[in-house]
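Given next are the chains, with one letter for each unit.
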Amino acid sequence: MLANCASVSDNQMFTKAIVRPPSCNFAEGLTSARLGPPDFALALKQHEAYCAALEQCGLTVMTLPPDDLYPDSCFVEDTAVLTSQGAVLTRPGATSRGGEVVSIRKALAEFFPSTQEIAAPGTLDGGDVCQAANHFFIGLSNRTNEAGATQFAQFLTSFGYTSTIIDIRANQALLHLKSGLAYLGDNRMLMIEAISARREFRGYERLIARGGEEYATNCVRVNGHVLIAAGFPGMEAQLRERAYETIPLDMSEFQKMDGGLSCLSLRF
Ligand code: CIR
């Protein structure tokens with residue numbers, strides 16, 4: 001099934017990350033979390049710690065200036081999908097976030113001289129894209145529509161990857177596919193129970209987040225480390241049992257705005 005794919009190592013090494021600190025009006029961003037307004041000063045501190053963790057993993061972190069035109073713009077992951085075979089600029093599903101792509105396009109030009117782009121009427125958020133070695137899972141969500149998912153799947157084919165579109169619109173708890181799914185390498189995935197029985201994931205070893213630890217499924221494997229939200233001991237124990245070197249990070253202020261660890265950077 002994976003014949004003719006681009007050859008991408010399961011344990012791809014990243015060298016760079018693009019991030020953008022929250023802007024002063026971060027609290028005006030979109031959220032359904034009902035956890036109260038974020039503390040801006042604390043969000044900045046947590047973002048700094050996140051960047052330090054990426055550096056600890058060996059990445060050079062490029063920091064874009066905060067942009068108060070777009071209160072959700074620290075969630076850079078939603079604006080592009082970067083692979084070792086090519087980059088795709090997205091067309092975010094929330095109207096208030098559409099303009100975020102402009103500055104990301106500029107920032108990426110130096111590293112990806114030719115990029116593909118999702119075109120109207122397609123919409124796609126990077127948070128709906130989960131890469132598992134040479135295969136991609138694309139979530140059909142309230143942000144990513146069929147046109148966007150199909151366009152993206154075609155770009156992936158041209159890059160030499162395979163993909164599966166997964167409809168998560170019935171899973172109300174999921175803003176994006178990666179709100180409840182992460183690929184850890186080694187054919188292993190971390191996911192919420194609600195999607196764990198789906199046939200698309202049958203071939204993978206599945207670690208399930210239970211007991212109110214669903215938020216922690218949005219973790220990121222970076223160069224042999226796993227960045228994980230702090231405060232989820234069950235999830236962290238499952239990772240440590242499998243010899244992952246975890247870096248717990250306090251994410252409380254981003255969680256209040258529906259954001260997870262993966263959304264705060266574009267890694268390549
Ligand atoms: C939004 O609703 O768009 C932001 N407040 C949160 C985006 C989080 N992004 C992600 O999970 N990839």
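Residues numbered from 1 in each chain as written. Predicted model: local features only at pLDDT ≥ 70, side-chain atom pairs only at ≥ 80, totals over all residues. Heavy atoms only, no water.

Undergrad: Honestly, the pattern of salt bridges in this entry has me stumped. Any pointers?
TA: Opposite charge on two side chains permits pairing when their charged atoms draw close. The final tally for this structure, using the stated rule, is 16 salt bridges. Of the charged contacts, one joins Arg-105 and Glu-117 as a salt bridge, the two residues approaching to 3.0 Å between their closest N and O atoms. Here Glu-117 lies in strand E5 (residues 115-117) and Arg-105 lies in helix H2 (residues 100-109), a separation of 12 residues in the sequence. We classify Glu-117 as partly exposed; its relative accessible area is 34%. Between Glu-193 and Arg-210 there is a salt bridge whose closest N-O contact spans 2.8 Å. (Salt bridge = Lys/Arg side-chain N within 4 Å of Asp/Glu carboxyl O. Helix = DSSP H or I, 4+ residues; strand = E, 2+ residues; numbered from the N terminus. Buried < 20%, exposed > 50% of the residue type's maximum accessible area, 1.4 Å probe, protein only.)

Undergrad: How do you make sense of the pairing of strand E9 (residues 181-185) when you look at a structure like this?
TA: In the case of a regular strand, side chains alternate between the two sheet surfaces. Counting buried positions along E9 yields five of five residues, so the element is predominantly enclosed. Examined bridge by bridge, E9 and strand E10 (residues 188-192) share four bridges and lie antiparallel to one another. Its bridge partner lying in E10, Gly-185 is registered against Arg-188. (Pairing = 2+ DSSP bridges.)

Undergrad: Is there a simple way to think about the nonpolar core in this case?
TA: Generally speaking, soluble globular proteins have nonpolar side chains that are buried together. In terms of nonpolar packing, the biggest core is built from 40 residues, with Tyr-50, Leu-54, Phe-75, Leu-184, Val-222, Leu-227 and Phe-254 touching the most fellow members. Discounting chain neighbours no more than four positions away, the residues touching Leu-54 are Ala-17, Val-19, Leu-59, Val-61, Val-222, Leu-227, Ser-265 and Arg-267. Ala-132, Ala-133, Leu-174 and Leu-181 belong to the second-largest nonpolar core, a separate cluster that totals 17 residues. (Core = buried A, V, L, I, M, F, W, Y, C linked by side-chain atoms within 4.5 Å. Contact = heavy atoms within 4.5 Å.)

Undergrad: Would you mind showing me how to read the sheet that holds E5 here?
TA: Adjacent strands of a sheet pair through backbone hydrogen bonds, lying either parallel or antiparallel. Strand order in the open sheet formed by three strands is E3-E4-E5, and the pairing between neighbours is mixed. Two strands in the sheet have a free side with no partner beyond their single neighbour: strand E3 (80-83) and E5. Between one strand axis and the next, the sheet turns by 20° as a mean value, whatever way the strands run. H2 rests against E3, strand E4 (86-89) and E5 of the sheet, and its axis sits at about 160° to E4. Packed onto the sheet, helix H3 (residues 146-159) meets E3, E4 and E5 and runs at close to 170° relative to E4. (Axes fitted to C-alpha atoms, helices over the stretch in contact; angles between N-to-C directions.)

Undergrad: So what exactly am I meant to see when it comes to the packing of aromatic side chains here?
TA: By convention here, two paired aromatic rings are described through the distance between centres and the angle between planes. Counting across every chain of the model gives 11 aromatic pairs. A centroid spacing of 6.1 Å and a plane angle of 80° characterise the contact between Tyr-183 and Tyr-204, whose relative ring orientation is edge-to-face. Taken together, the residues span a long stretch of sequence, with Tyr-183 in strand E9 and Tyr-204 in the loop between helix H4 (193-196) and strand E11 (205-209) at a distance of 21 residues. Take Tyr-204: its relative accessible area is 15%, and that puts it in the buried class. In this structure an aromatic cluster arises from ring pairing among Phe-137, Tyr-183, Phe-201 and Tyr-204. (Phe/Tyr/Trp six-rings, centres within 6.5 Å; stacked < 30°, edge-to-face > 60°.)

By themselves these figures say nothing about function.
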